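Structural description and commentary
Here's the letter readout for the chains.
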Amino acid sequence: MMQESMLSARRSPPSQEEDDGDDESKIRKHAFLAARISMHARLASASHCLAVSLSLLLLLLVASFFLSRSRPVICVPAYDSIARTTLFEASLEGLASDFGSLGVPWCRSKHGKTVEWTTKDLLKGLEEFVPIYETRPIKNNMYGMGFDHSFGLWFMARWLKPDLMIESGAFKGHSTWVLRQAMPGTRIISLSPRHPEKYLKKGPAYVDANCTYFSGKDFLDFGSVDWGNVMRKHGISDLSRVLVFFDDHQNELKRLKQALKAGFRHLIFEDNYDTGTGDHYSLRQICDQFYIRGGGHSCFKDSDEARIRMKRKRFWEKAVDVDVLCGEGEAWWGVKGYMRDDFNHSNKAISYAEHFQNSRFVESVLDVYWELPPVAGPSLTHQTRYDPSRAPDPIVEDGTYGLFRRLGLARLETSVFNGYTQMVYLQISAPTS
Ligand SMILES: C[S@@+](CC[C@H](N)C(=O)[O-])C[C@H]1O[C@@H](n2cnc3c(N)ncnc32)[C@H](O)[C@@H]1O
């Protein structure tokens, strides 16, 4: 088991030279390297041709470094002329970026209430969170949360200040650690089939000293727990003081109904997948309806949306074109008309009418629906996975490298920005008929 004291030890921030991101000095390094490489090539009597090619390659690297820091820029492969044309067309249209350009579905709440925090609060939170994140015990959290969602979870837990936090889906314990950083003295209940301590044998993991684990032989699914009893044992009488975090890849409609039945009010879902993606039916998918801007789709291949989607697939790994979006009978809702559950180990084809009813039910219980924006635009983070056209505006907008650097975000490895999937915060209450 890891010691709490070890976990709270902060790594010292990088030295000034590492941190100041001086563009000129980086170029000088590239130029120096180019000279050295070509000299070595001559000394080794390699062909003149090889030296020229290497120099050209380095020149290209320097140029692409510069391009990546000038605005407006989206990560576009330098060799893709069509992609580049589209990029310049977009910038000529005056778009600061592509965020939300295909539409960003959202769930309507009962009274249109929203969250209390503002972009200014998020920016302040980011500045505070980066040095905390740098001390995380699990540096490589593949299959778990990256930076964006870690920040979102930390920020919301700290803002809401619950008396108890429940997490479903712990894996090696990174999200438990994030919750602990937000609320150092608050009890956590963690449900996960495999106890995080099991991962300690193979590498870093986090086991919390103030956490009740329903894991291993004690594992219980969230839907099978007698929450009344567990809350009594933990001295909780007001369920609106509890925060429930789901990262267990279960159908979110199922989880929403279970949480509602138990009386919980504050929920966060980690993987709020967009339509056509992911391994479970998500809030974002449920609320993707024709009456919502950016919602409802057609499988017609000769439509503007189909053409835009096809182009976007070239830029972004998770972009969804019509072939990926549509299943049998032109079913586009969920994933190709399927309501997935449990890491897609189970799935069920649903009709559009059922999908529509699901959204009406969700709307009847929602007091607040808030999607965490990506922390920063892709020209800053160099993320290549999620499609900005289906995401809300980032907290740190493209083209504001100074701010990105000041917040400490430039110190992080780019891979930590690749896991964004529209984490969502919900406030719920019993349906109004
Ligand atoms: C994506 S991982 C969680 C990542 C973790 N939250 C993090 O940030 O590092 C999903 C976890 O859910 C667990 N899981 C699978 N079925 C579950 C269930 N029914 N209830 C709770 N957790 C479950 C898996 O074993 C896995 O550890």
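The structure reproduced in this document is the subject of the present report. Just so it is clear, the model here is predicted, and its values are computed rather than measured.

Brief notes about the nonpolar core
One finds A157, M165, V244 and L267 to be the most contacted residues of the largest nonpolar core, which totals 85 residues. For this core, the leading source of residues is helix 7 (residues 147-160), giving eight residues. Excluding residues within four positions of it along the chain, M165 makes contact with A157, L179, M183, T186, I188, L243 and F245.

Description of the sheet that holds strand 5 (residues 266-269)
What holds strands together in a sheet is hydrogen bonding between their backbones, with the strands either parallel or antiparallel. Taken in spatial order, the seven strands of this open sheet run 3-2-1-4-5-9-8, and their pairing is mixed. If you trace the sheet from one side to the other, it starts and ends with strand 3 (211-215) and strand 8 (366-371), each paired once. Taken over all neighbouring pairs, the strand axes of this sheet differ in orientation by 15 degrees on average, direction set aside. Sheet topology places strand 8 next to strand 9 (residues 424-428); five bridges connect them, and they run antiparallel. Pairing of W370 across the sheet is with Y425, part of strand 9. In the packing of helix 8 (residues 174-182) onto the sheet, contacts are made with strand 1 (164-168), strand 2 (187-192), strand 3 and strand 4 (242-246), and the angle to strand 1 comes to roughly 165 degrees.

Comments concerning the site of the ligand
Taken together, 21 residues surround the ligand, and among them G144, G169, F171, H174 and S175 come closest. When contributions to the shell around the ligand are tallied by element, the ones reaching two or more residues are helix 8 and strand 2. Grouping the amino acids of the shell around the ligand by side-chain chemistry returns seven nonpolar, nine polar and five charged.

Describing the packing of helix 7 against helix 8
It is the contact of helix 7 with helix 8, at a shortest axis distance of 8 Å, that shows an interaxial angle of 35 degrees. For the pair helix 7 and helix 8, the sense of crossing is right-handed. Where helix 7 approaches helix 8, its residues S150, L153, W154, A157 and R158 are matched on the opposing element by S175, V178, L179, Q181 and A182. Partitioned by chemical class, the residues of the contact of helix 7 with helix 8 number six nonpolar, three polar and one charged.

Each value, and the rule that gives it
Residues numbered from 1 in each chain as written. Predicted model: local features only at pLDDT ≥ 70, side-chain atom pairs only at ≥ 80, totals over all residues. Core = buried A, V, L, I, M, F, W, Y, C linked by C-beta atoms within 7 Å. Buried ≥ 20, exposed ≤ 12 C-beta atoms within 10 Å, placed from the backbone. Helix = DSSP H or I, 4+ residues; strand = E, 2+ residues; numbered from the N terminus. Contact = placed C-beta atoms within 7 Å. Pairing = 2+ DSSP bridges. Axes fitted to C-alpha atoms, helices over the stretch in contact; angles between N-to-C directions. Near = placed C-beta within 6 Å. Nonpolar A, V, L, I, M, F, W, Y, C, P; charged D, E, K, R; others polar. Left-handed = near helix turned anticlockwise from the far one by under 90°.

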